[in-house]
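Results of the structural survey
Residues per chain are reported as follows:
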Amino acid sequence: MNDAASGGLTFASLGSGSKGNATLVSDGETHLLVDCGFGLKETERRLARLGLHPRQLDAVLVTHEHGDHIRGVGPLARRHKVPVYLTPGTWLSGRLGELPHRHWITPQARFAIKGLSIDPITVPHDAREPVQFCIAGGRRRLGLLTDLGHPSAHVVEAFAGCDGLVLECNHDRRMLAEGPYPASLKRRVGGDWGHLANVQAAWLLQRLGLDRLQRIVCSHLSEHNNRPELALEALVPLLDGDDSRLRIAAQDDGLAWQTLG
(Lines give C-alpha, C1' and ligand atoms only; values in the text may rest on other atoms or scores of the structure.)
Protein backbone atom coordinates (compact mmCIF):
# COMPACT_ATOMS: atom_id res chain seq x y z
CA MET A 1 0.00 0.00 0.00
CA ASN A 2 1.08 3.57 -0.73
CA ASP A 3 1.27 5.24 2.69
CA ALA A 4 0.40 8.91 3.00
CA ALA A 5 3.20 11.29 3.74
CA SER A 6 3.01 13.25 6.97
CA GLY A 7 0.16 15.70 6.71
CA GLY A 8 -1.10 14.15 3.45
CA LEU A 9 -3.74 11.84 2.09
CA THR A 10 -3.74 8.98 -0.38
CA PHE A 11 -6.70 7.67 -2.31
CA ALA A 12 -7.39 4.98 -4.89
CA SER A 13 -10.33 3.55 -6.81
CA LEU A 14 -11.33 -0.10 -6.80
CA GLY A 15 -13.38 0.71 -9.89
CA SER A 16 -15.85 3.32 -11.08
CA GLY A 17 -18.84 3.07 -13.39
CA SER A 18 -22.35 1.67 -13.70
CA LYS A 19 -21.17 -1.86 -12.76
CA GLY A 20 -19.66 -0.86 -9.42
CA ASN A 21 -18.02 1.96 -7.48
CA ALA A 22 -15.66 2.04 -4.51
CA THR A 23 -12.98 4.51 -3.41
CA LEU A 24 -10.28 4.10 -0.75
CA VAL A 25 -9.03 7.04 1.31
CA SER A 26 -6.15 6.81 3.80
CA ASP A 27 -3.83 8.96 5.86
CA GLY A 28 -1.54 5.99 6.45
CA GLU A 29 -3.23 5.16 9.77
CA THR A 30 -6.94 5.28 8.98
CA HIS A 31 -8.40 3.45 5.97
CA LEU A 32 -11.88 4.31 4.69
CA LEU A 33 -13.81 2.69 1.87
CA VAL A 34 -16.39 4.99 0.30
CA ASP A 35 -19.16 2.82 -1.18
CA CYS A 36 -18.76 -0.81 -2.19
CA GLY A 37 -20.56 -1.68 -5.41
CA PHE A 38 -18.78 -4.98 -6.06
CA GLY A 39 -19.57 -8.45 -4.74
CA LEU A 40 -17.61 -9.67 -1.72
CA LYS A 41 -15.03 -11.80 -3.53
CA GLU A 42 -14.44 -9.14 -6.17
CA THR A 43 -14.10 -6.49 -3.48
CA GLU A 44 -11.52 -8.62 -1.64
CA ARG A 45 -9.63 -9.14 -4.90
CA ARG A 46 -9.59 -5.44 -5.75
CA LEU A 47 -8.56 -4.46 -2.23
CA ALA A 48 -5.68 -6.94 -2.40
CA ARG A 49 -4.59 -5.38 -5.68
CA LEU A 50 -4.24 -2.11 -3.77
CA GLY A 51 -2.40 -3.74 -0.85
CA LEU A 52 -5.22 -3.88 1.73
CA HIS A 53 -7.10 -6.64 3.54
CA PRO A 54 -10.76 -5.92 4.44
CA ARG A 55 -9.96 -6.18 8.16
CA GLN A 56 -7.67 -3.17 7.79
CA LEU A 57 -10.67 -1.00 6.93
CA ASP A 58 -11.82 1.30 9.71
CA ALA A 59 -15.20 2.00 8.08
CA VAL A 60 -17.32 1.95 4.96
CA LEU A 61 -19.02 5.26 4.15
CA VAL A 62 -22.15 4.93 2.01
CA THR A 63 -23.27 7.73 -0.31
CA HIS A 64 -26.69 6.30 -1.30
CA GLU A 65 -28.57 3.07 -1.88
CA HIS A 66 -28.16 2.41 -5.63
CA GLY A 67 -26.84 -1.06 -6.37
CA ASP A 68 -23.63 0.05 -8.06
CA HIS A 69 -22.65 1.67 -4.74
CA ILE A 70 -23.91 -0.81 -2.12
CA ARG A 71 -23.80 -4.31 -3.65
CA GLY A 72 -20.95 -5.41 -1.42
CA VAL A 73 -21.53 -3.24 1.65
CA GLY A 74 -23.60 -5.74 3.65
CA PRO A 75 -21.54 -8.83 2.82
CA LEU A 76 -18.28 -6.97 3.55
CA ALA A 77 -19.59 -5.57 6.84
CA ARG A 78 -20.92 -8.94 8.00
CA ARG A 79 -17.91 -11.04 6.96
CA HIS A 80 -15.18 -8.71 8.18
CA LYS A 81 -16.98 -6.76 10.96
CA VAL A 82 -16.45 -3.40 9.26
CA PRO A 83 -18.48 -0.46 10.67
CA VAL A 84 -20.82 1.20 8.17
CA TYR A 85 -21.73 4.90 8.18
CA LEU A 86 -24.85 5.96 6.28
CA THR A 87 -27.83 8.30 6.40
CA PRO A 88 -31.14 7.08 7.88
CA GLY A 89 -32.75 7.56 4.47
CA THR A 90 -30.23 5.27 2.82
CA TRP A 91 -30.83 2.65 5.52
CA LEU A 92 -34.61 2.91 5.13
CA SER A 93 -34.31 1.90 1.49
CA GLY A 94 -34.13 -1.64 2.87
CA ARG A 95 -31.43 -2.66 0.40
CA LEU A 96 -28.47 -3.27 2.69
CA GLY A 97 -29.52 -6.15 4.90
CA GLU A 98 -28.16 -6.60 8.40
CA LEU A 99 -25.30 -4.29 9.37
CA PRO A 100 -23.71 -5.40 12.67
CA HIS A 101 -21.96 -2.05 13.30
CA ARG A 102 -24.16 0.75 11.93
CA HIS A 103 -23.58 4.48 12.48
CA TRP A 104 -25.87 7.31 11.39
CA ILE A 105 -24.67 10.17 9.23
CA THR A 106 -26.35 13.57 9.52
CA PRO A 107 -25.90 15.60 6.32
CA GLN A 108 -23.86 18.77 6.84
CA ALA A 109 -22.71 17.52 10.27
CA ARG A 110 -18.96 16.86 10.42
CA PHE A 111 -17.72 13.72 12.14
CA ALA A 112 -14.37 12.01 12.60
CA ILE A 113 -13.04 8.49 12.24
CA LYS A 114 -9.69 8.35 14.00
CA GLY A 115 -7.47 10.91 12.28
CA LEU A 116 -9.80 11.73 9.39
CA SER A 117 -12.46 14.45 9.43
CA ILE A 118 -15.50 13.86 7.21
CA ASP A 119 -18.09 16.31 5.90
CA PRO A 120 -21.19 14.63 4.44
CA ILE A 121 -22.74 16.94 1.83
CA THR A 122 -26.31 16.70 0.54
CA VAL A 123 -26.38 16.43 -3.27
CA PRO A 124 -29.13 16.42 -5.93
CA HIS A 125 -29.54 12.77 -6.92
CA ASP A 126 -32.53 10.45 -7.24
CA ALA A 127 -32.03 8.54 -3.99
CA ARG A 128 -33.67 8.75 -0.54
CA GLU A 129 -31.04 10.77 1.36
CA PRO A 130 -27.88 10.92 -0.75
CA VAL A 131 -24.64 12.52 0.37
CA GLN A 132 -21.15 12.90 -1.03
CA PHE A 133 -18.05 13.50 1.09
CA CYS A 134 -15.17 15.85 1.75
CA ILE A 135 -12.48 14.04 3.75
CA ALA A 136 -9.63 15.88 5.45
CA GLY A 137 -6.46 14.54 7.00
CA GLY A 138 -3.62 16.68 8.20
CA ARG A 139 -3.37 19.63 5.87
CA ARG A 140 -5.05 18.02 2.88
CA ARG A 141 -8.69 17.77 1.76
CA LEU A 142 -10.21 15.36 -0.76
CA GLY A 143 -13.63 15.85 -2.36
CA LEU A 144 -15.63 12.86 -3.60
CA LEU A 145 -18.39 13.80 -6.04
CA THR A 146 -19.45 10.69 -7.93
CA ASP A 147 -23.24 11.01 -8.29
CA LEU A 148 -25.18 14.25 -8.71
CA GLY A 149 -27.66 15.56 -11.23
CA HIS A 150 -26.47 19.14 -11.38
CA PRO A 151 -23.79 21.31 -9.74
CA SER A 152 -25.94 23.16 -7.21
CA ALA A 153 -24.76 26.29 -5.40
CA HIS A 154 -24.63 24.23 -2.18
CA VAL A 155 -22.25 21.75 -3.82
CA VAL A 156 -20.03 24.53 -5.18
CA GLU A 157 -19.74 26.09 -1.73
CA ALA A 158 -19.14 22.80 0.09
CA PHE A 159 -16.45 21.45 -2.22
CA ALA A 160 -14.39 24.62 -2.65
CA GLY A 161 -10.81 24.47 -1.36
CA CYS A 162 -10.02 20.81 -2.03
CA ASP A 163 -6.52 19.50 -2.80
CA GLY A 164 -7.92 16.53 -4.72
CA LEU A 165 -11.27 15.89 -6.40
CA VAL A 166 -12.94 12.70 -7.62
CA LEU A 167 -15.48 14.18 -10.03
CA GLU A 168 -18.32 12.52 -11.90
CA CYS A 169 -18.03 12.75 -15.68
CA ASN A 170 -20.88 10.38 -16.44
CA HIS A 171 -21.93 11.14 -19.98
CA ASP A 172 -21.39 13.09 -23.14
CA ARG A 173 -24.69 14.78 -23.93
CA ARG A 174 -24.59 13.91 -27.62
CA MET A 175 -23.74 10.26 -26.96
CA LEU A 176 -26.58 10.04 -24.43
CA ALA A 177 -29.07 11.60 -26.86
CA GLU A 178 -28.06 9.31 -29.72
CA GLY A 179 -27.37 6.21 -27.62
CA PRO A 180 -29.30 3.00 -26.90
CA TYR A 181 -31.09 4.01 -23.69
CA PRO A 182 -34.91 4.29 -23.75
CA ALA A 183 -36.25 7.84 -23.64
CA SER A 184 -37.29 7.59 -19.97
CA LEU A 185 -33.79 6.54 -18.89
CA LYS A 186 -32.19 9.27 -21.01
CA ARG A 187 -34.39 11.82 -19.20
CA ARG A 188 -33.42 10.39 -15.81
CA VAL A 189 -29.67 10.29 -16.50
CA GLY A 190 -29.60 13.73 -18.08
CA GLY A 191 -32.00 15.36 -15.62
CA ASP A 192 -31.36 17.50 -12.57
CA TRP A 193 -31.47 14.45 -10.25
CA GLY A 194 -29.47 12.09 -12.45
CA HIS A 195 -25.80 12.27 -13.39
CA LEU A 196 -23.29 14.93 -14.45
CA ALA A 197 -22.46 15.43 -18.10
CA ASN A 198 -18.88 16.21 -19.08
CA VAL A 199 -19.75 19.86 -19.72
CA GLN A 200 -21.38 20.14 -16.28
CA ALA A 201 -18.27 18.66 -14.66
CA ALA A 202 -16.17 21.27 -16.46
CA TRP A 203 -18.50 24.06 -15.33
CA LEU A 204 -18.33 22.87 -11.72
CA LEU A 205 -14.56 22.51 -11.81
CA GLN A 206 -14.21 26.06 -13.09
CA ARG A 207 -16.38 27.37 -10.23
CA LEU A 208 -14.44 25.42 -7.62
CA GLY A 209 -11.12 26.79 -8.80
CA LEU A 210 -8.07 24.91 -9.99
CA ASP A 211 -5.09 26.52 -8.26
CA ARG A 212 -5.05 24.22 -5.22
CA LEU A 213 -6.06 20.97 -6.94
CA GLN A 214 -3.20 18.47 -7.18
CA ARG A 215 -5.30 15.62 -8.60
CA ILE A 216 -8.57 15.64 -10.55
CA VAL A 217 -10.05 12.19 -11.19
CA CYS A 218 -12.80 11.66 -13.78
CA SER A 219 -15.15 9.06 -12.33
CA HIS A 220 -18.38 7.15 -13.00
CA LEU A 221 -17.95 7.26 -16.79
CA SER A 222 -20.88 5.59 -18.55
CA GLU A 223 -19.99 2.52 -20.58
CA HIS A 224 -22.54 3.45 -23.25
CA ASN A 225 -22.67 7.24 -23.14
CA ASN A 226 -19.10 8.43 -22.66
CA ARG A 227 -15.47 7.79 -23.51
CA PRO A 228 -12.38 8.74 -21.51
CA GLU A 229 -11.08 10.99 -24.28
CA LEU A 230 -14.35 12.97 -24.28
CA ALA A 231 -14.20 13.52 -20.51
CA LEU A 232 -10.59 14.68 -20.75
CA GLU A 233 -11.40 16.87 -23.74
CA ALA A 234 -13.96 18.73 -21.61
CA LEU A 235 -11.55 19.39 -18.73
CA VAL A 236 -8.12 19.88 -20.31
CA PRO A 237 -8.90 23.39 -21.64
CA LEU A 238 -9.42 24.53 -18.04
CA LEU A 239 -5.84 23.45 -17.31
CA ASP A 240 -4.27 25.36 -20.20
CA GLY A 241 -3.87 22.13 -22.12
CA ASP A 242 -1.87 20.43 -19.35
CA ASP A 243 -3.43 17.08 -18.43
CA SER A 244 -0.78 16.05 -15.87
CA ARG A 245 -3.20 16.54 -12.95
CA LEU A 246 -5.98 14.52 -14.59
CA ARG A 247 -6.67 10.82 -14.08
CA ILE A 248 -9.44 8.41 -15.09
CA ALA A 249 -10.99 5.99 -12.58
CA ALA A 250 -11.80 3.03 -14.84
CA GLN A 251 -14.51 0.43 -14.32
CA ASP A 252 -12.25 -2.62 -14.55
CA ASP A 253 -8.85 -1.32 -13.47
CA GLY A 254 -9.87 1.39 -11.01
CA LEU A 255 -7.07 3.82 -10.19
CA ALA A 256 -3.79 3.21 -8.38
CA TRP A 257 -2.92 5.08 -5.20
CA GLN A 258 -2.69 8.85 -5.64
CA THR A 259 -0.91 11.05 -3.10
CA LEU A 260 -1.92 14.52 -1.96
CA GLY A 261 1.31 15.67 -0.38
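All residue numbers refer to positions counted from 1 along the written sequence of the respective chain. In view of the model being predicted, local features appear only for residues whose pLDDT reaches at least 70, and side-chain atom pairs are presented and counted only at 80 or more, with totals across whole chains, interfaces and linings using the full set of residues. The basis for the side-chain values is all heavy atoms of the structure; hydrogens and waters are excluded.

1. Remarks on the pairing of strand β2 (residues 22-26)
- Of all 5 residues making up β2, 5 are buried, and the element is well covered by its neighbours.
- Only protein chains enter the accessibility calculation, which uses a 1.4 Å probe; a residue is then buried when its area is under 20% of its type maximum, exposed when over 50%, and partly exposed in between. The helix count covers DSSP runs of H or I at least four residues long, the strand count covers runs of E at least two residues long, and both are numbered beginning at the N terminus. Going residue by residue along β2, you find Ala22, Leu24 and Ser26 tucked away on one face and Thr23 and Val25 tucked away on the opposite face as well.
- Strand pairing is assigned whenever DSSP identifies at least 2 bridges connecting the two strands. With 5 bridges joining them, strand β1 (residues 9-15) and β2 adopt antiparallel strand pairing. Within the sheet, the bridge partner assigned to Phe11 lies in β2 and is Val25.
- Count of turn residues in the β1/β2 antiparallel hairpin: 6 residues, of which Gly17 carries a positive phi of about 155°.
- Where β2 and strand β3 (residues 31-34) come together, 4 bridges link them in antiparallel fashion. For Thr23, the partnering residue across the bridge sits in β3 and is Val34.
- Taking the residues that link successive antiparallel strands as the turn, the β2-β3 hairpin has 4 residues, and the phi of Gly28 there is positive, at about 95°.

2. Focus: the layout of surface pockets
- Every definition here rests on a 1 Å grid over the protein atoms only: cavities are sets of points where a 1.4 Å probe fits but cannot get out, pockets are open sets enclosed by protein on both sides within 12 Å along at least five of seven lines, and lining residues have some atom within 4 Å of a point. Grid points are joined across faces, edges and corners, and a volume is the space filled by probe spheres set on the points. Considered as a void within the structure, the largest pocket measures approximately 280 Å³ in volume.
- Residue lining of the largest pocket: 17 residues in total, with Ser16, Leu221, Glu223, Ala250 and Gln251 positioned closest to the centre.
- Any residue that is not Ala, Val, Leu, Ile, Met, Phe, Trp, Tyr, Cys, Pro, Asp, Glu, Lys or Arg is counted as polar, Gly included; the first ten are nonpolar and the last four charged. Here the lining of the largest pocket is built from residues that sort into 6 nonpolar, 6 polar and 5 charged.
- In this structure, the second largest pocket occupies an estimated 220 Å³ of space.
- What lines the second largest pocket is a set of 14 residues, among which Ser18, Arg188, Val189, His195 and His220 lie closest to the centre.
- Top contributing element to the lining of the second largest pocket by residue count: helix α7 (residues 183-190), with 3 residues.

3. What to know about the sheet that holds strand β7 (residues 111-113)
- Across the sheet, 7 strands lie side by side as β7-β8-β9-β10-β11-β12-β13; this open sheet has mixed pairing. Both outer strands of the open sheet, β7 and β13 (246-248), are each paired with one neighbouring strand and no more. Here the strands of the sheet are splayed against their neighbours by 20° on average, with no regard to which way each runs.
- Across 5 bridges, strand β9 (residues 131-137) lies against strand β10 (residues 140-145) in antiparallel orientation. When the bridges of β10 are listed, Ile135 appears paired with Leu142. Fitted lines through C-alpha atoms serve as axes, helices being fitted only where they are in contact, and the angles separating the N-to-C directions of these axes extend from 0 to 180 degrees.

4. A few points about the packing of helix α8 (residues 198-208) against helix α9 (residues 228-235)
- Interaxial distance between α8 and α9 falls to 8 Å at its minimum, and their mutual angle equals 35°. Of the two elements, α8 crosses α9, and the hand of that crossing is right-handed. Side by side, α8 and α9 meet where Asn198, Ala201, Ala202 and Leu205 of the first sit next to Leu230, Ala231, Ala234 and Leu235 of the second.
- Split into classes, the residues belonging to the contact of α8 with α9 amount to 7 nonpolar, 1 polar and no charged. A crossing counts as left-handed when the near helix is turned anticlockwise from the far one by less than a right angle, and as right-handed when that turn is clockwise. Any two residues whose heavy atoms approach within 4.5 Å are treated as being in contact.

5. Some details on the pairing of β1
- The element β1 is extensively covered by neighbouring structure, given that 7 of its 7 residues are classed as buried.
- As paired strands, β1 and strand β14 (residues 255-260) are joined by 4 bridges and run antiparallel to one another. When the sheet's bridge partners are listed, Ser13 is paired in β14 with Leu255.

6. What about empty space enclosed by the protein?
- All chains considered together, the criterion is met by 1 cavity of 30 Å³ or more.
- Every residue lining the largest cavity is counted, 19 residues in all, and those nearest its centre are Ser16, Ala22, Thr23, Thr146 and Val166.
- Here the lining of the largest cavity is composed, by residue class, of 8 nonpolar, 10 polar and 1 charged.

7. Some remarks on the state of the cysteines
- In this description, a disulfide is simply a cysteine sulfur pair whose atoms lie within 2.5 Å. Applying the stated criterion to the full structure yields 0 disulfides.
- Counting only cysteine sulfurs, Cys218 is the nearest neighbor of Cys169, a cysteine outside any disulfide, at a range of 3.9 Å.
- Judged by relative accessible area, Cys169 falls into the buried class, the value being 0%.
- Taking the relative accessible area as the measure of exposure, Cys218 reaches 0% and is therefore buried.

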